[in-house]
Amino acid sequence: MSAHDHHSDPLPDTAQGILAEDRAHLFYSWSAQRQLSPMPVARALGSYFWDYDGNRYLDFASQFVHVNIGHQHPKVVAAIQRQAERLCTVSPAFGNDQRARAARLIAERAPGDLDRVLFTNGGTDAVEHAVRMARLVTGRPKVLAAYRSYHGGSHLTLHMTGDPRRWPIDTGAAGVVHFFGPYLYRSAFHARTEPEEAQRALAHLEQVIALEGPGTVAAVILEPVVGTNGVLVPPEGYLAGVRELCDRHGILLIADEVMAGFGRTGRWFAVQNWDVVPDLITFAKGVNSGYVPLGGVLMGPRVFDAFADRPYPGGLTYSGHPLACAAAVAAITAMSEEGIVENAAHLGAEVLGPGLRELSERHPVIGEVRGLGVFWALELVRDRDTREMLPPLGAPGGPPGPMDELAAACRKRGLWPFVHTNRIHVVPPCTVTEREIREGLDILDEALSVIGSHYR
Ligand code: PMP
């Protein structure tokens, strides 16, 4: 075999073999390259995945909170296979049946008058386009985004992201202004009740708008339920109040539902929990559970009509990719036929939420339990009275802290948790069963006992 005859090289079939090739040639996102210990995944099915040593993990992270329909759903796999045999790729300037049907299925489930879709390759570019649309429609430059937010990894969207992931690249992006959203457990407004938090957060946003100049603000963007920054469920009245503020000042409201959309909160779209209709919704992840990358922007007539007679400046070679849209058509159809969104709502309210609250009665390390649907977080503290945070996840390669130990204790017992700073996000697929939830809760219970005895 010649050195160039790569085709006859078998793929590595051990974790060590894969990691050897990784170490030689790969650049990992969001990582210090020499401090990695990734685990190669061999296969997956439903709520579980397996490593190369045959260990099985219950996927309470849904990977990156995106596998809403579970792993390897047979109808989605078959749809991708069928489409691959017929037409793998086509220019977005042509019509394409899968794209047409995906847009219709999404619009039929969208709130209010949102009934048009621009497809993108993922969440980041969906947010980019939503902000561009808002700026062009209003002719105004600024976008207001929450400090506790994640909106994407590109230049603009990482600047919009309020959390520390922005810091290393922060040269300032023109027109991005941050505000505080509601978070009663660590209230920026010294509020003690939900109504107080809602009212003070709205008064704060109103002042930000007034001081920035209402005529300069194109859009307010928010995650209806804040995702990676803590599964923050808004207090009653907050989203309606933001809608009202935006209306009063001619500002567009963008709901970033990349994580919250497509069943995660027990509704197709998170805003439907509060009957609020934004001007734009960004989505990705759950639209086809990432079987093929896909995202998009949902818009109503106010945005659509602005581009009826002038061209929209922007697009992507893979917009409405036939494989991705075929996966979306199959995933959305299966979610409807199999009652998967209802499953998330029902098991979240009846089993997962109550189970996590019960854990907090036994483990003082749990400061707060919050969430809805299959979108929950446990916020861990050293002391319930002071709410001092449990030391956050250690840097890779550094000394392990309690959160690392907790994650390790879960993994050892066959549960894959989503661990972020001092929180465990409990975000299984929307297809999760009651038995799987109980299995996960039992493992969490044991793992919390392990660290509870160390860190009090
Ligand atoms: N917005 C939100 C709310 C997200 O959670 C994410 C991804 N976690 C993004 C945007 C970016 O999406 P993507 O990684 O698909 O570009």
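All values derive from a computational prediction rather than experimental measurement.

A. The sheet that holds strand β11 (residues 366–372), seen in detail. Reading across from one edge, β11-β12-β15-β14 is the order of the 4 strands in this open sheet, with antiparallel pairing throughout. Each edge of the sheet is formed by a strand with only one pairing partner; in this case those strands are β11 and β14 (418–420). Across the sheet, the axes of successive neighbouring strands diverge by a mean angle of 20°, strand direction being ignored. Relative to strand β15 (residues 423–426), β14 is paired through 3 bridges, and the arrangement is antiparallel. The residue of β15 that forms the bridge with phenylalanine 418 is histidine 425. Each of β11, β12 (375–380) and β15 is contacted by helix α11 (residues 340–362), which is oriented at about 5° to β12, the strand it contacts most. In this fold helix α12 (residues 402–412) packs onto β12, β14 and β15, with an angle of close to 35° to the strand it touches most, β15.

B. Spatial organisation of the pattern of salt bridges. Applying the stated criterion to the full structure yields 24 salt bridges. In this structure, glutamate 446 and arginine 413 form a salt bridge, with 2.7 Å as the shortest nitrogen-oxygen distance. A residue pair is termed long-range when its members are at least 10 positions apart, and glutamate 446 in helix α13 (residues 434–452) and arginine 413 in the loop between α12 and β13 (415–416) qualify at 33 residues. Note on glutamate 446: relative accessible area 45%, which makes it partly exposed. On the basis of relative accessible area, arginine 413 is assigned to the partly exposed category, the value being 29%. Arginine 438 is paired through a salt bridge with glutamate 434; the nearest N and O atoms lie 2.8 Å apart. On the criterion of helical spacing, the pair formed by arginine 438 and glutamate 434 is a turn pair, its members being 4 residues apart in helix α13. Arginine 438 gets classed as partly exposed once you look at its relative accessible area, which sits at 42%. Counted as one network, the salt bridges with shared partners bring together Arg186, Glu368, Arg370 and Glu379.

C. Just the packing of helix α4 (residues 97–109) against helix α10 (residues 322–337), in detail. Closest axis-to-axis distance for the α4/α10 pair is 8 Å, and the angle between their directions is 40°. At the point where α4 passes α10, the crossing takes the left-handed sense. Facing α4, whose interface residues are Gln98, Arg99, Arg101, Ala102, Leu105, Ile106 and Arg109, α10 presents Pro322, Cys325, Ala326, Ala328, Val329, Ile332, Thr333 and Ser336. In terms of residue class, the contact of α4 with α10 is built from 9 nonpolar, 3 polar and 3 charged.

The rules behind these values
- Residues numbered from 1 in each chain as written.
- Predicted model: local features only at pLDDT ≥ 70, side-chain atom pairs only at ≥ 80, totals over all residues.
- Heavy atoms only, no water.
- Pairing = 2+ DSSP bridges.
- Helix = DSSP H or I, 4+ residues; strand = E, 2+ residues; numbered from the N terminus.
- Axes fitted to C-alpha atoms, helices over the stretch in contact; angles between N-to-C directions.
- Contact = heavy atoms within 4.5 Å.
- Salt bridge = Lys/Arg side-chain N within 4 Å of Asp/Glu carboxyl O.
- Buried < 20%, exposed > 50% of the residue type's maximum accessible area, 1.4 Å probe, protein only.
- Left-handed = near helix turned anticlockwise from the far one by under 90°.
- Nonpolar A, V, L, I, M, F, W, Y, C, P; charged D, E, K, R; others polar.

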